[in-house]
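Fold and geometry: a report
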Amino acid sequence: MAIVKGTDQNFKQEVSEGLVLVDFWAAWCGPCKMIAPVLEELDADMDDKVKIVKLDVDENQQTASEYGIMSIPTLLLMKNGETVDKVVGFRPKEALAELVEKHA
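Right, let's walk through the structure included here. What you are looking at is a predicted structure, and each value in this text was computed from that prediction instead of being measured.

About the thresholds
Residues numbered from 1 in each chain as written. Predicted model: local features only at pLDDT ≥ 70, side-chain atom pairs only at ≥ 80, totals over all residues. Heavy atoms only, no water. Helix = DSSP H or I, 4+ residues; strand = E, 2+ residues; numbered from the N terminus. Rg over C-alpha atoms; globule rule 2.2 N^0.38 Å. Buried < 20%, exposed > 50% of the residue type's maximum accessible area, 1.4 Å probe, protein only. Contact = heavy atoms within 4.5 Å. Areas by Shrake-Rupley, 256 points an atom, 1.4 Å probe, with all protein chains shown as cover. Lys, Arg positive; Asp, Glu negative; His and termini not counted. Charge placed at Lys NZ, Arg CZ, Asp CG, Glu CD. Core = buried A, V, L, I, M, F, W, Y, C linked by side-chain atoms within 4.5 Å.

Assigned secondary structure in the chain consists of 4 helices and 5 strands. Counted from the first residue to the last, the chain has its helices and strands arranged as β-α-β-α-β-α-β-β-α. Taking 13 Å as the expected radius of gyration for a compact globule of 104 residues, we find that the chain reaches 12 Å, a close match to that expectation. The 104 residues of the chain split such that 47% are buried. Looking at the chain alone, contacts between residues at least 24 apart form 72% of all its contacts between residues at least 6 apart. For the chain, the exposed area adds up to about 5,500 Å²; of that, 51% sits on carbon and sulfur atoms. Put simply, the chain has 11 plus and 19 minus side-chain charges, and the middle of one group is 3 Å from the middle of the other.

What follows is the structure, given as C-alpha cells:
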C-alpha cells in the first residue's frame, strides 16, 4: 500500500478504519526528512498490518491543532479513528514496527 497524503479535508476518512500510523511533518524539519525513508521501508514491510498517512502541518494546521501537535515529527498510531499511541521525534524502523505490532 502506498503512503497516503493526508489533508484537513480527508484526514478523518483516512484514519477511520483499521490501524493507521500518521506522520505529522513539515518540509523544513530535519528529523522529518530522516524519518521519511524509514516510513517507506515500514510501509513495504508491514503494508498488510498498517496504513501510513503523512500530514504536512504547515498545509493542514486545523488537523495538527485538533490533535495537539506541538513538535514534529509526531507519529500517532490510530485504530478505527481513535489514537492508541503517540511518538514524538525520530525513531528507527524497528521501534516503529514494535509500536505497530503492539496494537495490531
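From this point, things continue past the structure.
Counting residues in hydrophobic clusters, the biggest one holds 18 residues, and the most contacted among them are Phe-11, Val-22, Phe-24 and Ile-72. Only helix H1 (11-15), strand S2 (19-25), strand S3 (51-56) and strand S4 (74-79) provide two or more residues apiece to this core. Considering every element that reaches this core, the biggest residue donor is S2, with 3 residues. With residues near it in sequence (within four places) discarded, Val-22 still touches Phe-11, Val-15, Val-53, Thr-74, Leu-75, Leu-76 and Met-78. Among the nonpolar cores identified, the runner-up in size contains 15 residues, and Met-46, Val-50, Leu-77 and Leu-99 belong to it.

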